[in-house]
Every structure is written in C-alpha cells, then in structure tokens.
Amino acid sequence: MAPDSVQPAPPLAFIDLQAQRARIGDKVDQAIARVLDHGRYIMGPEVAAFESQLSEFCGATHAMGVANGTDALSLALVALDLRPGEAVLVPSFTFAATAEVVAYHGAIPVFVDVLADSFNLDPNSLQAGLEQARRQGLTVRGVISVDLFGQPADYAAIEAFCQANDLWLISDAAQSFGARTGDRKVGTIGQITTTSFFPAKPLGCYGDGGAVFTDDPSLAETIKSLRVHGKGTDKYDNVRVGVNSRLDTLQAAILIEKLAIFEDEITARNKVADRYAAIIADVGLAERARAPKLDPANISTWAQYTLTVDGERDAVAARLKERGIPTAVYYPLPLHRQTAYREFPVAGNGLPVSERLSETVLSLPMHPYLAEGDQARVVESLAAALGTA
Ligand SMILES: *Cc1c(COP(=O)(O)O)cnc(C)c1O
C-alpha cells in the first residue's frame, strides 16, 4: 500500500451488540453458567424472577414471558377471543407480525394509515378503517397499535376511539418497551401490551423471546394457560387448546442482566438521538433529511433513528454504504402492498402516507454506545450522499 494512500475508515456497526457485551458480558456469561448448572431449562427460577422484575419495571400487574413477540400478539388475540371472520384495525406501516397474527387466526386485518411525522397510527384513519370494515359487513373487534421505532402512539386519541366504539386495544410495543408517554409507561397501555426480545430490539436477548403484559387477572390466567398447551390446574387436563410458547430460562437469565442496565441504556439512546438531531441541524441538512419528530410528552426507546430523505433514497443508502455507513429501510413495502396481505381491506381511498414513507424512510446506525465522533461521521457522509456537502 502506498504510504500516501488514504485508508477508508472501517465500517460502523448498525447496532453494536458487542459494545454492550464489553460492559456486561461477564455477568451474562455467569448467568448462563448458573442455568447450565441447575439445568432447569424450561420455566426455571430465572423466568419467574425476570417476570416479576419486568412487571416492577413497567408497572403492569402481570408480565408473562413467551417465546417471541409474534406469539405474544397471537396469544393476546386468542385471550381476547378473536374469532375467524372478525376484523381488527392495524397500521400498514409496520413489521409484518402485527397483521400476520390477525390473518393467521382466520380474522381480517383492516389496514389503516399512519401519521407522516410520528410514523404511528393516524386516529382519523382509524375512523375511516372502521367505516370501511362496516361497509363490507365486517364486525370489528379491536385495534392493534404499534409504537413504531420506539415512540408511543397517540394513545389519548386511540383510547378515546376504542372506548367510543367498544373495541379492545392491544399495544404492540415490540420496539418501545421502556418508553413513556406522559406519566404512563409502555406495558400498561390497552387491555394487553406485548413486546419482543429479539436481539436487535432495545431490550434484546440472545435468541427469540417476548412478553405479554396486562392488569386483567383473567386475561393473565388465560395467557399463562395458553402458553403451556392450554393447561388447567392439572397439567394433564388441558382446559383449552393452546400452544407451546414459553420464554427459555437461559434467555430470562440473560435478560435479567440486561434489564439491570436498561434504564441507563434508554438514557444513552436519547442522548444519541438528541445529538443526531443537533448535528443534522448544524450541517444544514434538516430540509433534505428530516429528523423524526418526538412528541414532547413522550420518551422514546429509539429502536431506530429513522429519517425521511428527499431524492433517490436507495441511491443515498448505496453511497452511504460505500463510505462504511450501514443504513436500513424499515419498511420498504407497506403491508397492504405485500403479496400475502394485498386482498385485505384498507381504510378510505388507500394509504398514501404509508406508501410515501416506504419510499423515503432511512434508518441510521443507532445503539446506546454510539460515539459522538461516529455520529458526526454518519451525518457528514449523509450530507455528501445527498449532494449537499
Ligand atoms: C419485532 C416485531 C414484532 C415481532 O417480534 P418477534 O419477537 O420477532 O416475533 C412484532 N411487531 C413489531 C412492530 C416488531 O417490530
């Protein structure tokens, strides 16, 4: 290599899980070793311990570990007695699992639009979705809201809508566990809140995991039964048809160590997000790359830091990649445009915001250990990629 050649800086990580391991890796390894020693791999003592810590953390009376965030939603729907042919209002701009669980139970997801600035459910579109479903002769039972990228949805409006129309609410908090809206913590919203511990989520384990939260003792009892094949008091007299969906003891042991630093990590994530917003404004990019808008009443977990960019989004992402800056597009196709979901009803005359967002969103590297210098490099590269530097 010629001495005067400039070495490109090594690529950044999109989510740096190793940085967290450097902090608590020893504790996690010891926790894993303890489980290997006692050998109670299914519903071992760490599961109950983690569940009680979770419920203390978020304030929900009941917190139940399950196998993943998709099962958490699925069990919530079964516990709320969703029947085949009934309808549920869901946002189109979300991860597939939110609508998948509805369709999987033979029910009908009715797709609703989101707001351009928060990416979350548009309350006006909920009304349009309800009217659309009724025109098609469907019985709407409830709403699944999503706190996309970590920010709680507009629950004042969503809850008022649900109450006025006698609908239940499931809050899909797969990306927002740990967030707050006003003085309310995510986990206590809706009849049921669900979350995911997929490794890349803000509170992630080392595999699949999820949880269901509720204050309702009878829903809690039903979910505890459903996750173990519909068990009754006698293990071999199943009282309902259930599934096998438990949180592994190993994952619970890992999560106990991660939960201990989670509040601190949420603070760090918010610092990273504030710095991004400041650097983007400093570089004069704010017109071409709009930073996500946070409601001042909300604290987000910043599962993703998602911009909307002008111009050829995919070309911008490719130019960033050349400079060692990984980005991601969540989500390139709204659900109502995907092959499996195309035939389901949509609110109003289509979902223009979801469609536009799918063409303009771009998520930047985000994790609690992202250094200020690396963030400056991300934003400078973005300016270059947008042709403004
Ligand atoms: C990740 C995610 C899920 C599903 O969680 P898994 O644990 O991967 O099953 C559901 N909804 C949303 C919004 C998600 O981001």
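Rules of the game
- Residues numbered from 1 in each chain as written.
- Predicted model: local features only at pLDDT ≥ 70, side-chain atom pairs only at ≥ 80, totals over all residues.
- Heavy atoms only, no water.
- Helix = DSSP H or I, 4+ residues; strand = E, 2+ residues; numbered from the N terminus.
- Rg over C-alpha atoms; globule rule 2.2 N^0.38 Å.
- Buried < 20%, exposed > 50% of the residue type's maximum accessible area, 1.4 Å probe, protein only.
- Contact = heavy atoms within 4.5 Å.
- Areas by Shrake-Rupley, 256 points an atom, 1.4 Å probe, with all protein chains shown as cover.
- Lys, Arg positive; Asp, Glu negative; His and termini not counted.
- Charge placed at Lys NZ, Arg CZ, Asp CG, Glu CD.
- Near = heavy atom within 4 Å.
- Polar contact = N/O pair within 3.5 Å; in protein donor to acceptor, adjacent residues only side chain to side chain.
- Nonpolar A, V, L, I, M, F, W, Y, C, P; charged D, E, K, R; others polar.
- Axes fitted to C-alpha atoms, helices over the stretch in contact; angles between N-to-C directions.
- Left-handed = near helix turned anticlockwise from the far one by under 90°.
- Core = buried A, V, L, I, M, F, W, Y, C linked by side-chain atoms within 4.5 Å.
- Patch = residues over 30% accessible without salt bridge, like charges linked within 9 Å, V, L, I, M, F, W, Y side chains within 5 Å.
- Salt bridge = Lys/Arg side-chain N within 4 Å of Asp/Glu carboxyl O.
- Parallel < 35°, antiparallel > 145°, perpendicular 65-115°, else oblique.
- Pairing = 2+ DSSP bridges.

A. Summary view of the overall build of the protein chain. A count of helices and strands for the protein chain gives 12 helices and 13 strands. At 22 Å, the protein chain has a C-alpha radius of gyration in line with the 21 Å of a compact globule built from 389 residues. The dimensions of the protein chain, computed from C-alpha atoms along their principal axes, are 75 × 60 × 40 Å. Out of the 389 residues in the protein chain, the part that is buried amounts to 53%. A separation threshold of at least 6 residues defines the contact pool for the protein chain, and within that pool the share at least 24 residues apart is 72%. About 16900 Å² of surface is accessible on the protein chain, with carbon and sulfur atoms providing 51% of the total. Considering the protein chain, the positive charge centre built from 34 side chains and the negative charge centre built from 47 side chains are found 2 Å apart.

B. Representation of the site of the ligand. Around the ligand there are 14 residues in total, and Gly69, Thr70, Gln175, Ser196 and Lys201 lie nearest to it. Between the ligand and Thr70, the relevant distance is 2.5 Å, taken from an oxygen atom to a side-chain nitrogen or oxygen of the residue. Ser196 places a polar side-chain atom, nitrogen or oxygen, 2.7 Å from an oxygen atom of the ligand. Notes on the ligand: free accessible area 380 Å², of which the protein chains cover 93%. Mapped onto the shell around the ligand, the elements with two or more residues apiece are helix H3 (69-79) and helix H4 (97-104). For the shell around the ligand, a count of residues per class yields four nonpolar, eight polar and two charged.

C. Spotlight on unusual backbone geometry. Residue Tyr331 follows Tyr330 across a cis peptide bond; omega there is 10°. Inspection of the secondary structure puts Tyr331 in the loop between helix H10 (313-322) and helix H11 (352-360). In this structure, Asp166 is a non-glycine residue whose phi angle is positive, near 55°. By secondary structure assignment, the location of Asp166 is in the loop between helix H6 (155-164) and strand E5 (168-172).

D. Region of interest: the packing of helix H2 (residues 45-58) against helix H8 (residues 249-259). Across the interface, H2 lies against H8 with an axial gap of 8 Å and an inter-helix angle of 40°. In this structure, H2 crosses over H8, and the sense of that crossing is left-handed. Contact residues: H2 offers Glu46, Val47, Ala49, Phe50, Gln53, Leu54 and Phe57, while H8 offers Thr249, Ala252, Ala253, Leu255, Ile256 and Leu259. When the residues that make up the contact of H2 with H8 are grouped by side-chain class, the tally is 10 nonpolar, two polar and one charged.

E. View of the nonpolar core. Counting 30 residues, the largest nonpolar core has Leu77, Val102, Ile144 and Ile170 as its most contacted members. Every element with two or more residues in this core is listed here: strand E1 (62-66), H3, strand E2 (87-91), H4, E5 and helix H7 (217-226). In terms of residue count, H3 provides more of this core than any other element does, six residues in total. Among residues more than four places away in sequence, those in contact with Leu77 are Leu82, Val101, Val102, His105, Ile144, Trp168 and Ile170.

F. A nonpolar patch on the surface, seen in detail. Residues Leu36, Tyr41, Ile42 and Met43 make up a contiguous nonpolar surface patch of roughly 370 Å² in combined accessible area. Within the element layout of this structure, Tyr41 appears in the loop between helix H1 (17-38) and H2.

G. View of the packing of helix H5 (residues 123-135) against H6. Following both chains from N to C, one finds H5 and H6 inclined at 25°, their axes separated by 9 Å at the closest point. On the basis of the axis angle, H5 is roughly parallel to H6. Considering only the axes of H5 and H6, their crossing is right-handed. Contacts from Pro123, Leu126, Gln127 and Leu130 in H5 reach Ala157, Ile158 and Phe161 in H6. A breakdown of the residues in the contact of H5 with H6 according to their chemical character gives six nonpolar, one polar and no charged.

H. Fine view of the sheet that holds strand E6 (residues 180-181). On the basis of which strands lie adjacent, the open sheet formed by three strands has the order E7-E6-E11 and antiparallel pairing. The strands lining the two open edges of the sheet, one partner per strand, are strand E7 (184-185) and strand E11 (298-299). Of the strand pairs in this sheet, E6 and E11 are connected by two bridges, and their pairing is antiparallel. Opposite Arg180, over in E11, you have Ile299 as the bridge partner.

I. View of the side chain of Glu257. Along the polypeptide, Glu257 turns up in helix H8. When neighbours within four sequence positions are excluded, Glu257 is seen to be in contact with Ile24, Lys27, Val28, Ala31 and Arg34.

J. Broad picture of the pairing of strand E13 (residues 361-364). Burial along E13 is two-sided: the face carrying Val361 and Ser363 and the face carrying Leu362 and Leu364 are both buried. In this sheet, E13 lies alongside strand E12 (residues 305-309) in antiparallel orientation, the contact comprising four bridges. Bridge pairing links Thr308 to Val361 in E13.

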